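Structural overview
Given next are the chains, with one letter for each unit.
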Amino acid sequence: MKSNLLNIDGVKILSRECQTMIKGQAGIDVSLCGCSCSGAVTGPAYCSEFIACPQVYTC
C-alpha cells in the first residue's frame, strides 16, 4: 500500500520535523453560537453540543 502511494506524482514522505510543523484544527468556532430570546441555541448545528441556553431568556 505504501509503495502505491509513493508512485503518485507530488507525494513524498514527511520527516518528523516537517510533521511537527503542521498545525491545524477542526474548524469549530464557538463564537458563532448564541441564544435566542426564546432560549433556543442559535448558530451552526454543532453549537448545541457546546453550549446550553436557559429556558427563560430575556432580551
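Residues numbered from 1 in each chain as written. Predicted model: local features only at pLDDT ≥ 70, side-chain atom pairs only at ≥ 80, totals over all residues. Heavy atoms only, no water.

**As for the overall build of the chain**
The helix and strand tally for the chain stands at 3 helices and 2 strands. Secondary structure of the chain in N-to-C order comes out as α-α-β-β-α. A burial count over the chain gives 8% of its 59 residues as buried. For the chain, contacts bridging at least 24 residues in sequence account for 0% of all contacts bridging at least 6. (Helix = DSSP H or I, 4+ residues; strand = E, 2+ residues; numbered from the N terminus. Buried < 20%, exposed > 50% of the residue type's maximum accessible area, 1.4 Å probe, protein only. Contact = heavy atoms within 4.5 Å.)

**Let's talk about the packing of aromatic side chains**
Inspection of the entire model under this criterion finds 1 aromatic pair. Centroid distance Tyr46 to Phe50: 6.3 Å. Interplanar angle 80 degrees. Geometry classified as edge-to-face. On the basis of relative accessibility, which here comes to 22%, the residue Tyr46 falls in the partly exposed class. On the basis of relative accessibility, which here comes to 45%, the residue Phe50 falls in the partly exposed class. (Phe/Tyr/Trp six-rings, centres within 6.5 Å; stacked < 30°, edge-to-face > 60°.)

**With respect to the state of the cysteines**
Think of a disulfide as a covalent bridge from one cysteine sulfur atom to another cysteine sulfur atom. The full count for this structure, using the stated rule, is 2 disulfides. Each disulfide pairs two cysteine sulfurs, and for Cys33 the partner residue is Cys47, the sulfurs being separated by 2.0 Å. Taking the sign of the torsion about the S-S bond as the criterion, the disulfide between Cys33 and Cys47, at about -80 degrees, is left-handed. Pair noted here: Cys33 is in the loop between helix H2 (16-21) and strand E1 (34-35) and Cys47 is in helix H3 (residues 47-50), with a separation of 14 residues, a long-range link. (Disulfide = S-S within 2.5 Å.)

**Structural notes on the confidence of the model for the chain**
Predicted confidence across the chain gives a mean pLDDT of 82, with 83% of residues reaching 70 or more. Ranking the elements of the chain by mean pLDDT puts helix H1 (residues 2-6) last with 65 and strand E2 (residues 41-42) first with 94. (pLDDT = per-residue confidence, 0-100.)

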